[in-house]
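Residues per chain, in single letters:
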Amino acid sequence: MQITKANESHLELLIPAFEAYLSHFGQTNDYQKIRRFLSERLAQQDSTIFMVLEESSGALAGFTQLYPVFSTLKLEAVWLLNDMFVMPDFRKGGVASLLIDAAWKYTQETGAAWLTLKTGIENTKAQALYEKLGFRKDEEHFYYFLDNHSVKHP
């Protein structure tokens, strides 16, 4: 398996993986919308996408997408591991660990303060992996959000 940082030349390879990712989470798929979204991220370099490729076939085994955020209290950058998906044929093969390792190395290389992520409360398999790899669950803060699609803000 080979870790690669995606660029615009990988767009057509990434689209089917993002379609599978969105379907996995019950989201509607729109090829053109996915293409436009990924093309913008890659062209504007406002996210970082790592891919795991199977060396013999070049097949995409999984990806993770990181977004930069900033901590005013630390006066440093932080990376948000926003998306991670392993293609079904490659699950239980260490792909998720490779992706997290790449994200952590990138966090260190870029001098960011930390790498953060969130996962569903029911996703105990992912939680176990994250904890095995050194992530700690935040026991000190609650996270809140306003959702443009379901919450009305006064």
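This text gives an overview of the structure that appears in the document. None of the values given here were measured: they were computed from a predicted structure.

1. Quick notes on helix H2 (residues 31-44)
For step 1, the next point in the chain: Look at H2: 20 Å from first C-alpha to last across 14 residues, which is about the 20 Å you get at 1.5 Å a residue.
For step 2, the next point in the chain: Every buried residue of H2 is listed here: Ile34, Leu38, Arg41 and Leu42. Mapping the buried residues of H2 onto a view down its axis gives an arc of 95°, with all of them on the same face. Across from the buried face of H2, at angles greater than 90 degrees, the exposed residues are Lys33 and Gln44.
For step 3, the next point in the chain: Of the surrounding elements, those touching the buried residues of H2 are helix H1 (11-24), strand E2 (48-53) and strand E3 (60-71).
For step 4, the next point in the chain: Put simply, Asp30 is the residue that caps the front of H2, since its side-chain oxygen is 3.1 Å from the backbone nitrogen of Gln32.
For step 5, the next point in the chain: Of the residues trailing H2, Gln45 is marked for its positive phi of about 50°.

2. Observations regarding the nonpolar core
For step 1, the next point in the chain: Core analysis: the largest hydrophobic core is formed by 40 residues, its most contacted members being Leu14, Leu38, Ile49, Phe63, Leu66 and Leu81.
For step 2, the next point in the chain: Among the secondary structure elements, those contributing two or more residues to this core are H1, H2, E2, E3, strand E4 (76-86), helix H3 (95-109), strand E5 (115-117) and helix H4 (124-132).
For step 3, the next point in the chain: With 7 residues, the top contributor of residues to this core is H3.
For step 4, the next point in the chain: With near-sequence residues (within four places) excluded, Phe63 lies in contact with Leu14, Ala17, Phe18, Tyr21, Ile49, Phe50, Met51, Asp83, Met84, Phe85 and Leu99.

Rules used in this analysis
Along each chain, residue indices are assigned from 1 in the same order as the chain's sequence is written. Local features in this predicted model are restricted to residues whose pLDDT is 70 or higher, and side-chain atom pairs enter the listing and the counts only when it is 80 or higher, whereas totals over whole chains, interfaces and linings include all residues. Excluding hydrogens and water, the side-chain values take into account all heavy atoms of the structure. Helix and strand assignments come from DSSP, with helices taken as H or I runs of at least 4 residues and strands as E runs of at least 2, each series counted from the N terminus. In this scheme, a helix's expected span is set at 1.5 Å multiplied by one less than its residue total. Burial classes: relative accessible area under 20% of the type maximum marks a residue as buried, over 50% as exposed, and values in between as partly exposed (1.4 Å probe, protein chains only). For this quantity, the arc is that covered by the directions from the helix axis to the C-beta atoms. The contact criterion used is simple: two residues touch if any of their non-hydrogen atoms lie within 4.5 Å. Within 3.5 Å is the distance limit for a polar contact, defined as a pair of N or O atoms, with the added protein rule that one can donate a hydrogen and the other accept it, and that residues adjacent in sequence qualify only through two side-chain atoms. The definition of a nonpolar core used throughout is a set of buried Ala, Val, Leu, Ile, Met, Phe, Trp, Tyr and Cys residues joined through side-chain atoms within 4.5 Å.

Remember that the coordinates give geometry; whether it matters functionally is a separate question.
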